[in-house]
Amino acid sequence: MEKIKIKFTSLFFISYLIIFVLDSVINYYTKIPVFVSFSMLFIPLSLLVIKLKPNNETNLYVLFVVLLLISTVVNIFRFSFSLKNISDLIFILIFATTIVLYNNNKIHIKSKYINWFSVVCLIMFYITFLGVDNTRWGNTLNSDSNDIEYLRAYKQGLFRIAHIAAYFFTFFGFYYLFLYAKYTKVKHLILLSVMFSSVALVGSRAPIFAVLLGFGLANLRLKYIKYIILLIVAIILVVLNIDVILESTRGTVFFQYFSIFETVMSNFGRLSRVLIWTSFFEELAKFDFFDYLFGRGTNNAMLINEAKGLGKIWFHNDFLNIFYSFGMISFVLYIFFYVNIYRVNKLCMNNTIIRTLFFTTILLAFFNGFYLYYTMFPLYIFYRILSVEEENKVTLKK
């Protein structure tokens, strides 16, 4: 009987998938950091398995990890020990480790695991319609509040955070869109429709706007200009008819996707990102030398925002959060990870779908955060798409 060999990239993904489901189910009933605890064991194991080559990527990774660890230790002495700072550190380490692992093992990433993952996610989300939902925000669409930014509805099923479900379905949507463009099979068309529809049902606005802006940024080329023009025309039509649209969508999950246009035009300062990013720059003005070097930790950011009446929240922007929490050098190195992804996979970036997904990822990191939301899963999907594209290029050469 032939032995079945599972490459570490697959083991990495399957193990995290099992733990992710356990973490989601357990935390539906009680708060236990199953996922973070597992990661504390699995990250060192990953480092033992990854064959780091003496190149710029390895130097970037090692320097990034060392600086993050130093900043975390220094800030324990400067301020105090915080579990939030530790969990934030672990999620950033997962982000960096996953990129290095997949960059060096793209060919070993299998499609069948994505199909398993998609089924699991659909089940975890759609049980919300059976009354099982872990939402912390609920539905305020029918509130009497005059603040339209307060009128929201989120669905997440067993997902711990609605944004996680939205991110996963966004990447699934791109994956099946890529397969449909490549093979033109009806099943892929159905799946990509289901996935993007699921994003809308979740209620998280960030992925929707990240995809639209990502498409715009990725296709600033003459041959795609007609699509950019169509997108701009669509936005203008929405703005011109915003009152009618808001009235017709009131009470539905789609209301919050259009209310942002009204807020931008009439009350820009009310946008949550404007409020918390303003808080960041206010705090940045108070930084001293050691703050710029080591940051002040995510927990301090949450405490400061809470004191300002913004809620105990982080800055909802990876770049700002890393700058504040770990210092300016770590912030620069985080940017270089995205530069490295593009550099290593430059030939594949000629594909419109891949290029759009790449920019969407960066925009998700900018508008809402990326590393915090279980990045090994969407990155697995992204790198599988890259693998298929590379395999296709090799076949064409032959």
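Details of the structure are given in the entry above.
Residues numbered from 1 in each chain as written. Predicted model: local features only at pLDDT ≥ 70, side-chain atom pairs only at ≥ 80, totals over all residues. Heavy atoms only, no water.

(A) The overall build of the protein, seen in detail. Each helix and strand in the protein was counted, giving 18 helices and zero strands. Expected size for 398 residues packed as a compact globule is a radius of gyration near 21 Å; at 21 Å, the protein falls within 12% of this value. Principal-axis analysis of the C-alpha atoms places the extent of the protein at approximately 65 × 60 × 50 Å. Taken over 398 residues, the protein has a buried fraction of 52%. By sequence separation, contacts in the protein at least 24 residues apart represent 78% of the contacts at least 6 residues apart. A total of about 19,000 Å² of accessible surface is found on the protein, and carbon and sulfur atoms cover 68% of it. If you average the places of the 36 positive and of the 20 negative side-chain charges in the protein, the two averages end up 13 Å apart. (Helix = DSSP H or I, 4+ residues; strand = E, 2+ residues; numbered from the N terminus. Rg over C-alpha atoms; globule rule 2.2 N^0.38 Å. Buried < 20%, exposed > 50% of the residue type's maximum accessible area, 1.4 Å probe, protein only. Contact = heavy atoms within 4.5 Å. Areas by Shrake-Rupley, 256 points an atom, 1.4 Å probe, with all protein chains shown as cover. Lys, Arg positive; Asp, Glu negative; His and termini not counted. Charge placed at Lys NZ, Arg CZ, Asp CG, Glu CD.)

(B) Representation of the pattern of salt bridges within the structure. Following the criterion strictly, the structure yields 11 salt bridges and no others. Across the pair Arg160 and Asp23 runs a salt bridge whose closest N-O atoms are separated by 3.0 Å. Taken together, the residues span a long stretch of sequence, with Arg160 in the loop between α5 (111-126) and α6 (162-183) and Asp23 in helix α1 (residues 8-29) at a distance of 137 residues. Given the relative accessible area of 0%, Asp23 is considered buried. When the shortest N-O distance is used, the salt bridge between Arg250 and Glu247 registers 3.9 Å. Looking at Arg250, the relative accessible area reads 43%, which means it is partly exposed. (Salt bridge = Lys/Arg side-chain N within 4 Å of Asp/Glu carboxyl O.)

(C) A look at a positive patch on the surface. A cluster of basic side chains, namely Lys7, Lys51, Lys110 and Lys112, defines a positive patch on the protein surface. Within the secondary structure layout, Lys51 lies in the loop between α2 (34-49) and α3 (56-78). (Patch = residues over 30% accessible without salt bridge, like charges linked within 9 Å, V, L, I, M, F, W, Y side chains within 5 Å.)

(D) Representation of helix α10 (residues 242-249) within the structure. Turning to α10, its buried residues are Ile242, Ile245, Leu246 and Thr249. Considered in projection along α10, the buried side chains sweep an arc of 95 degrees and stay on one side of the axis. Of the exposed residues in α10, the ones pointing more than 90 degrees away from its buried face are Asp243, Val244, Glu247 and Ser248. In this fold, the buried residues of α10 make contact with α9 (225-240) and α11 (255-266). Following α10 by one or two positions, Gly251 adopts a phi angle in the positive range, close to 90 degrees. (Arc of directions from axis to C-beta.)

(E) Structural context of the packing of α1 against α2. The geometry of α1 relative to α2 is characterised by a closest axis approach of 10 Å and an angle of 170 degrees between their N-to-C directions. In terms of their interaxial angle, α1 and α2 are classed as roughly antiparallel. In contact with Phe8, Leu11, Phe12, Ser15, Tyr16, Ile19, Phe20, Asp23 and Ile26 of α1, α2 contributes Val34, Phe35, Phe38, Ser39, Phe42, Ile43, Leu45, Ser46 and Val49. Of the residues in the contact of α1 with α2, the class split is 14 nonpolar, three polar and one charged. (Axes fitted to C-alpha atoms, helices over the stretch in contact; angles between N-to-C directions. Parallel < 35°, antiparallel > 145°, perpendicular 65-115°, else oblique. Nonpolar A, V, L, I, M, F, W, Y, C, P; charged D, E, K, R; others polar.)

(F) Looking closely at the environment of Met195. Counting through the fold element by element, Met195 comes out in helix α7 (residues 186-202). Placed 25 residues apart in sequence, Met195 and Thr170 show a C-alpha to C-alpha distance of 6.8 Å. Met195 has contacts with Ser118, Leu122, Phe169, Phe172, Gly173 and Tyr176, leaving out every residue within four places of it along the chain.

(G) Summary view of a nonpolar patch on the surface. Residues Ile225, Ile229, Ile232, Val233, Ile236, Leu237 and Leu240 make up a contiguous nonpolar surface patch of roughly 640 Å² in combined accessible area. Along the chain, Ile225 falls in helix α9. The class for Ile225 is partly exposed, based on a relative accessible area of 40%.

(H) Quick look at unusual backbone geometry. Despite not being glycine, Thr184 shows a phi value in the positive range, around 50 degrees. Unusually for a residue other than glycine, His316 sits at a positive phi of about 50 degrees. Within the secondary structure, His316 sits in the loop between α14 (298-307) and α15 (318-326). You can call His316 buried: its relative accessible area is 13%.

(I) Fine view of the nonpolar core. Counting 111 residues, the largest nonpolar core has Phe168 and Phe377 as the members making the most contacts within it. Considering every element that reaches this core, the biggest residue donor is α6, with 14 residues. Not counting residues within four places of it along the chain, the set of residues in contact with Phe377 comprises Phe13, Tyr16, Leu17, Phe20, Phe35, Phe117 and Phe168. Counting residues in each nonpolar core, the second largest holds 12 residues, with Ile148, Val238, Ile245 and Phe261 among its members. (Core = buried A, V, L, I, M, F, W, Y, C linked by side-chain atoms within 4.5 Å.)

(J) Looking closely at the environment of Leu275. Locating Leu275 in the fold gives a position in helix α12 (residues 272-284). Leu275 gets classed as partly exposed once you look at its relative accessible area, which sits at 34%. Spatially, the C-alpha atoms of Leu275 and Asn146 are 18 Å apart, while their sequence positions differ by 129 residues. If we skip the residues at most four places from it in the chain, Leu275 touches Gly269, Arg270 and Leu310.

(K) Highlighting α14. Counting buried residues in α14 gives seven out of 10 residues, a clear majority hidden from the surface. Every buried residue belonging to α14 is among Thr298, Asn299, Asn300, Ala301, Met302, Ile304 and Asn305, and all of these are buried. Immediately beyond the C-terminal end of α14, within one or two residues, lies Gly309, with a positive phi of roughly 80 degrees.

(L) Local environment of the side chain of Thr356. Structurally, Thr356 is set in helix α17 (residues 352-367). Under the relative-accessibility criterion, Thr356 is labelled buried at 5%. Here the side chain of Thr356 touches Thr352 through a polar contact of 2.8 Å, landing on its backbone oxygen. Among all residues touching Thr356, those that are not within four sequence positions of it are Phe174, Val211, Gly214, Phe215, Ala218 and Asn219. (Polar contact = N/O pair within 3.5 Å; in protein donor to acceptor, adjacent residues only side chain to side chain.)

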